[in-house]
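# Structural features, examined
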Amino acid sequence: MQPFDAQPKPLDDGSGDDDTGGPAGAAGGEGQGDDERLLAALLDGMEAGLVAFDGAGVVTHWNAEAARILGWTAADAIGRHGLAGWAARASDAAETEERLRRVMDSRGRQVHEFALLTKDGHRVLVRAQSAAVPGAGGRPAGVYCAFSAVHAQIDLERSLALSEALFADASWGVVLIDADLRPAVVNPRAAAMLKTGPDEVLGRPLGNLLTRGVEELENALQHVLAEGPPPATADLWVALSADPEGKRRCWRCGFVRLGSPLGEEPVPLGVGWLFIDITRQKTAETEGAQIRFRYQQLHRADRAAAESGTALEAAALHMDYALAGFADHVLLDVADDAERLVRVAATPAGEPGPSELSRDAADNGIPVGYSATHPAVQALERVGTVRTSCAATDPAQSAEASHMDAWAAARRWPPGTAHGLVTVLRSRGRTVGALTFLRGPGRRLFDRADAAYAEDVAARVAMALDLARLAGER
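Residues numbered from 1 in each chain as written. Predicted model: local features only at pLDDT ≥ 70, side-chain atom pairs only at ≥ 80, totals over all residues. Heavy atoms only, no water.

## Quick notes on the side chain of Asp54
Using the following cut-off: Each helix is a run of H or I in the DSSP string that is no shorter than four residues. Each strand is a run of E no shorter than two, and both are numbered from the N terminus. Polar contact is the term for a pair of N or O atoms within 3.5 Å; when the atoms are in protein, one must be able to donate a hydrogen and the other to accept it, and sequence-neighboring residues count only if both atoms are side-chain atoms.
Structurally, Asp54 can be placed in strand E1 (residues 49–54). A polar contact is formed between the side chain of Asp54 and the backbone nitrogen of Ala56, at a distance of 3.0 Å.

## Examining the sheet that holds strand E5 (residues 140–149)
The following threshold applies: Pairing between two strands is assigned when DSSP locates at least 2 bridges connecting them. Geometry is summarised by axes, namely lines fitted to C-alpha atoms with helices restricted to the contacting stretch, and by angles between N-to-C directions that run from 0 to 180 degrees. Note on contacts: a residue pair is in contact if any heavy atoms of the two residues lie within 4.5 Å.
Across the sheet, 5 strands lie side by side as E2-E1-E5-E4-E3; this open sheet has antiparallel pairing. For this open sheet the edge positions go to strand E2 (59–62) and strand E3 (110–117), each flanked by a neighbour on one side alone. Between one strand axis and the next, the sheet turns through 30° on average, direction left out of account. The pairing of E1 with E5 spans 6 bridges and is classified as antiparallel. Note that in E5 the partner of Gly49 across the bridge is Phe147. Where helix H4 (residues 90–104) meets the sheet, its contacts fall on E1, E3, strand E4 (123–134) and E5, and the angle it forms with E3 comes to roughly 150°.

## Structural notes on the nonpolar core
Put simply, the rule is: For the purposes of this section, nonpolar cores are sets of buried Ala, Val, Leu, Ile, Met, Phe, Trp, Tyr and Cys residues that join through side-chain atoms within 4.5 Å. Each residue gets one of three labels from its accessible area relative to the maximum for its type: buried under 20%, exposed over 50%, partly exposed in between, using a 1.4 Å probe on protein chains only.
Residues Leu332, Leu425, Leu435, Phe437, Val457, Val461 and Leu465 are the most contacted members of the largest nonpolar core, which totals 33 residues. Where this core is concerned, the elements lending two or more residues are helix H9 (279–306), helix H10 (311–323), strand E12 (329–335), strand E13 (341–346), strand E16 (419–427), strand E17 (430–439) and helix H14 (448–470). At 10 residues, the largest contribution of residues to this core is made by H14.

## Side note on the pattern of salt bridges
Pairing is possible between side chains of opposite charge, provided their charged atoms come close. Test applied: A side-chain nitrogen of Lys or Arg and a carboxyl oxygen of Asp or Glu constitute a salt bridge if their distance falls within 4 Å.
Counted according to the given criterion, the structure contains 21 salt bridges. The residue Asp76 makes a salt bridge to Lys119 at a minimum N-O spacing of 2.9 Å. Pair noted here: Asp76 is in helix H3 (residues 74–77) and Lys119 is in the loop between E3 and E4, with a separation of 43 residues, a long-range link. Relative accessible area serves as the criterion here: at 46%, Lys119 is assigned to the partly exposed category. Of the charged contacts in the structure, one is a salt bridge between Asp450 and Arg294, with a shortest N-O distance of 2.7 Å. Taken together, the residues Asp450 in helix H14 and Arg294 in helix H9 connect sequence positions 156 residues apart. Residue Asp450 is classed as buried on the basis of its relative accessible area of 0%. Under the relative-accessibility criterion, Arg294 is labelled buried at 4%. Through salt bridges with shared partners, a single network forms among Arg294, Arg439, Arg444, Asp447 and Asp450.

## Comments concerning the sheet that holds E13
Taking strand neighbours across the sheet as the criterion, the 6 strands line up as E14-E13-E12-E17-E16-E15 in an open arrangement whose pairing is antiparallel. Because the sheet does not close on itself, it has two edges, and the strands there are strand E14 (356–357) and strand E15 (385–389). One ladder, built from 9 bridges, connects E16 with E17; its direction is antiparallel. Paired with Ser427 across the strands is Arg430, a residue of E17. Against the sheet, H14 touches E12, E15, E16 and E17, its axis set at about 45° to E16.

## Topic: unusual backbone geometry
With a phi angle near 55°, Lys195 is a residue other than glycine that sits in the positive phi range. If you trace the backbone, Lys195 turns up in the loop between helix H6 (188–193) and helix H7 (198–201).

## Re H10
Put simply, the rule is: Under the convention used throughout, the expected extent of a helix is 1.5 Å for every residue step, that is, one less than its residue count.
Look at H10: 19 Å from first C-alpha to last across 13 residues, which is about the 18 Å you get at 1.5 Å a residue. Restricting attention to buried positions, one finds in H10 the residues Ala311, Leu312, Ala314, Ala315, Ala316, His318, Met319, Ala322 and Leu323. Phi turns positive one or two residues past the end of H10, at Gly325, with a value near 70°.

## Structural notes on the packing of H10 against H14
Quick reminder of the rule: Orientation is classified from the angle alone, with under 35 degrees giving roughly parallel, over 145 giving roughly antiparallel, 65 to 115 giving roughly perpendicular, and any other angle giving oblique. Rotating anticlockwise by less than a right angle from the far helix to the near helix defines a left-handed crossing, while the corresponding clockwise rotation defines a right-handed one. Only Asp, Glu, Lys and Arg are considered charged, only Ala, Val, Leu, Ile, Met, Phe, Trp, Tyr, Cys and Pro nonpolar, and every remaining residue, Gly among them, polar.
As a packed pair, H10 and H14 sit with axes 7 Å apart at the nearest point and diverge in direction by 170°. Considering their axes alone, H10 and H14 lie roughly antiparallel with respect to each other. At the point where H10 passes H14, the crossing takes the left-handed sense. Contact with H10, carried on its side by Ala311, Leu312, Ala314, Ala315, His318, Met319, Tyr321 and Ala322, involves Tyr453, Val457, Arg460, Val461, Ala464, Leu465, Leu467 and Ala468 of H14 and no other residues of that element. Considered class by class, the residues forming the contact of H10 with H14 number 14 nonpolar, 1 polar and 1 charged.

## Overview of the environment of Thr417
Of note, Thr417 is situated in the loop between helix H13 (398–410) and E16. The exposure class of Thr417 is buried, given its relative accessible area of 2%. Considered as a pair, Thr417 and Gly442 are 25 residues apart in the sequence and their alpha carbons are 9.9 Å apart. Separated by 2.7 Å, the side chain of Thr417 and the backbone oxygen of Pro414 make a polar contact.

## Details of helix H12 (residues 375–382)
Our working definition: Arc, as used here, means the arc of the directions from the helix axis to the C-beta atoms.
Those residues of H12 lying buried are Pro375, Ala376, Ala379 and Leu380. Down the axis of H12, the sector holding all buried residues measures 145°, keeping them to one side. Those residues of H12 that are exposed and angled more than 90 degrees off the buried face are Glu381 and Arg382. Of the surrounding secondary structure, the elements contacted by the buried residues of H12 are E13, E15, E16 and E17. Phi for Val383, located one or two positions after H12, is positive at around 55°.

Fair warning: the whole summary comes from geometry, so function is off the table for now.
Right, here's the structure in full:
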């Protein structure tokens, strides 16, 4: 290798000439020729343009990328003195060459930008790294300059800056998942959302981090590895292993397949998983949709009740419309003169179906026989709403199922009942009965929003019962 000769020698440009003549061939023979051909291949394979000058400012090296960027071939460039008049305008060349001369007297690499000229006369702004090349005795013998178009360099720097920002300051959690579906890099935000440290997550199976939603997440990751990222984000409900309460969270997830840019056909290196917690937003959307549906049901019930033949049928219609998506069973008890509760309507205890009126029971006036601590009796005493649930609500074990059935039987509710909500029926300042909604173990407990909805339904049922009383229907 003879990088900076006072008499410049071009690199092998692939023309096929045997590189055995001249000083290199005489001094080193075939081995040195192989070295020069290897050097030429390495320089031509660089992703940056490279130009080198000797101590007198004569171009000694010019690689293929420099020829691609500027259009000047190695034959055009090697042997020229400086850049003025061909690779740079005279007004630009003086400053550029002065910068390169200063590089020879300094240590390390220097980065600067300057304008070069293409063969067809267009100016190109390049960003270059320059460094001195030591000669015999350690004194600078020349300078090399590796350059690329500014826009390409800026794209690279932006990519690097984006990567660093995502893993440092991003408001989204970012996790790099390897091909074995294990976290390889985790940013601080993701570690906080997973309730663990960044280093503790690395290499662990996703099943050790999540108790719910792990199958959906792994399916999405495998799809991205095989087919590419989905066209839109996905909302996944998950629960964390590190959360003792096991609360469900909704994460909005985006996925990016990672491939090596060095291969002709990039092989997936993993998946970039980006996610953000939208539990509050999703809960608000769900609650909003639920409220809209429920009050649409109330509106439909009002219109259907207006067309019913009797006030008792109108009360049953209100009950049936309220059941949709809300409860499994509903019971209607009216209060007699002694404020004892008499059953007048209920849904079937077996298969789901519309409410059935029990006019005979109402006429006979036989009380249901609730105990003094029954939720319906408590609702009448408090003139409000009472919610209750069975302690054991998992029917997978027979002992728990039998306990739940016994709990329901003691309250005269259908078998399989796990949650109950009883609200009082009031009309014209009088208590006219109690309305009971029941849920099985597959549903959640009744909450305050459920109680508010039940009270709205109860107000309509109470009006219908009061009208039935005035009309002499009971």
